[in-house]
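These are the residues of each chain, in order.
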Amino acid sequence: MKWYFPLLICCLMSCSAFDSAKFIEPELEHFISRNGHQLFDGDKPFRFAGIHAPELHRIEDDAKGKCKADPRGWGQYFKWPTAAEQENWIKALVRTGHKAMRIYVLSVEHPADGACDRQTHILKPLQTGGMPRLNEQAMVVYDRMIALASKHNLRLILPFIDHWQWWGGREQLAAFYGQHQAEFYNVKSKTYHAYLDIIRQVVTRKNTITGRYYYQEKAIMAWETGNELKLSTSEFVAHTAAYIKSLAPEQLVVDGTYLNLLPSSVDDPNVDIISNHFYTKNNNNKPQTIKDDLKFINGKKAYMVGEFGLAPASELKEIMQTAVYHEHNGAQAIGAFIWGFRGHRETGGFYWHSEANGSHYSYHLPGFKDGDANQELQVVSIVRRAQAQMQGLDSIQPLPIPEPPKLHPVHRDLAINWLGSPTGQFYRVERKLVDDKFWLVIAEHVSDGKNKFDPIVDDLFIDTKPNKAGNYEYRVIAINESGESEPSNIQIVDLTN
């Protein structure tokens, strides 16, 4: 154990050096715009690389397992993230170099939702044949995500409806009208009309936090027609893109078609960005796909890799480096996202998600040795290096000094948990008697980056009962490569008997 003397430590390490690395987040000034194959923030080219964060607005709680009442055989338990979680996640993204983020879709009501105690964004019509409704509780969380992205300078790419059923998608939407899911792509169907009405309700929604309509939000970089809409037709994309542009002329539109790019989208004046997703099961998880797609688009539109991953870090590096550097007639990818990220749990540790039957797991920022089996540190490095390269820098930039963690109440069992700092890599735990002057270091290099953290059984640290009875204070300090945070809030526990 060590006694901690804060003033002495600060003098030895130079407090001014600590201050110089503080992170300053500028305000958003411009909508992101497109000129040909490039995006711009004002007059500055805009490119991005990142770890895809699908759940900034709705979180799968994998620690609870699967809901057996869901006939899909996959149905997870979901919940809305807290305000503290959402801000923590967005800070983690921005402070590790993320400039833009594509999230996952709006969820659609499923008959098993009640039995699985979960809510969705889109609710069935109140009357037969009516239009779907937005769940206000869900949309307030969505409002908050947009407001926090605006506050911390993160641009958002927001897809509407899923081709797949996992969160409720086109199949569940079509079921509201007794139609087959294929009718989603039929521009004359009731299902497609409902889809357009969802777009209208969302894009014209007034944010309850910022007071702006969504089409006025500079944090919304682009609307995407949907997630992996692999059966999109030229007619479907043309009608949808034109409708989105009519509602949100200053925001960009992404064609959410999957695997096979549409020639018509290359010439569609309402489509700004053409996207593709790469996965090994589709035999396209390779650098050549970027080269082929850029050649196909031929500089007429911006191009991004909306998702790729679930592969060894060496393969991900090759794809990311191709996204950074490959050119076709001067056109490059505007960005690429490796799948996928989960953030801190407010009560302690991280959320997590199993992928590809457990062969891969979600990544945590800023990266932890606990994730070695998942090559987490390597993948985070791949992304952060690409971010630096896109800015013309020679090396990865240092992390900003972490902000203080939020320590939760400590009880007589001396289980100690906290909401981790967005850029904290490990933690120091300290305690002292209330009337003592100096803090005693009781644990160092404590990580909160454990994979498959279960809040029911796991704690970040458990202290042993001190020999001397009394009232004790606890605090935690976050540490990373650039320095250490100010101490957390203090929690007091009565150990007088």
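Attention in this report is confined to the structure presented alongside it. (Residues numbered from 1 in each chain as written. Predicted model: local features only at pLDDT ≥ 70, side-chain atom pairs only at ≥ 80, totals over all residues. Heavy atoms only, no water.)

## Re the pairing of strand β23 (residues 439-446)
Formally: The rule is simple: take the accessible area with a 1.4 Å probe, protein chains only, and divide by the maximum for that residue type; under 20% is buried, over 50% is exposed, in between is partly exposed. Comment: elements are numbered from the N terminus, with helices defined as DSSP H or I runs of at least four residues and strands as E runs of at least two. What makes two strands pair is DSSP finding at least two bridges between them.
For β23, the buried fraction is high: six of the eight residues fall into the buried class. With four bridges connecting them, strand β22 (residues 426-433) and β23 associate as antiparallel partners. Among the inter-strand pairings, R431 is bridged to a residue of β23, identified as L440. Where β22 folds back onto β23 in an antiparallel hairpin, the turn is made up of five residues.

## Overview of the sheet that holds strand β11 (residues 155-162)
Put simply, the test is: Each axis is a line fitted through C-alpha atoms, taken for helices only over the stretch in contact, and angles between the N-to-C directions span 0 to 180 degrees.
One open sheet accounts for eight strands, arranged β5-β16-β15-β14-β13-β12-β11-β8; its pairing is parallel. Each of the sheet's edge strands pairs with one partner strand only, and the pair in question is β5 (48-52) and β8 (100-102). The sheet shows a mean angle of 20° between the axes of neighbouring strands, direction not considered. In this sheet, strand β15 (residues 302-309) lies alongside strand β14 (residues 273-278) in parallel orientation, the contact comprising six bridges. Residue pairing for β15: H277 is matched across the bridge by E307.

## Regarding the packing of aromatic side chains
Counted only if it meets this: Centres within 6.5 Å are what make two rings of Phe, Tyr or Trp a pair, Trp counting through its six-membered ring; a difference in plane orientation under 30 degrees is then read as stacked, over 60 as edge-to-face, and the rest as tilted. Put simply, a charge is over a ring when the Lys NZ or the Arg CZ is close to the ring centre, within 6 Å, and near the line of the ring normal, within 35 degrees.
Applying the stated criterion across every chain, the model contains 21 aromatic pairs. With 6.0 Å between their ring centres and 85° between their planes, W89 and Y351 make a pair best called edge-to-face. Separated by 262 residues along the polypeptide, W89 in helix α3 (residues 83-95) and Y351 in the loop between β16 (335-339) and β17 (354-355) bring together distant segments of the chain. W89 gets classed as buried once you look at its relative accessible area, which sits at 2%. Through pairs of rings, three or more aromatic residues link up here, namely F184, Y185, Y192, Y195 and F236. Between R58 and the ring centre of F78, over which it is positioned, the NZ or CZ distance is 3.7 Å. Lying across the ring of W439, K432 places its NZ or CZ 5.2 Å from the centre.

## What about the pattern of salt bridges?
Keep this limit in mind: Salt bridge, as applied in this entry: a Lys or Arg side-chain nitrogen positioned within 4 Å of an Asp or Glu carboxyl oxygen.
Summed over the entire model, instances satisfying the criterion amount to 27 salt bridges. Across the pair R102 and E307 runs a salt bridge whose closest N-O atoms are separated by 2.9 Å. In this pair, R102 is assigned in strand β8 and E307 in strand β15, connecting sequence segments 205 residues apart. With relative accessibility at 0%, the residue R102 sits in the buried group. The salt bridge involving E484 is made with R428; its shortest N-O contact spans 3.2 Å. With E484 in strand β26 (residues 483-484) and R428 in strand β22, this pair connects stretches of sequence that are 56 residues apart. Here the two residues E484 and R428 agree in accessibility, since each one is buried. Counted as one network, the salt bridges with shared partners bring together D70, R72, D113 and R118.

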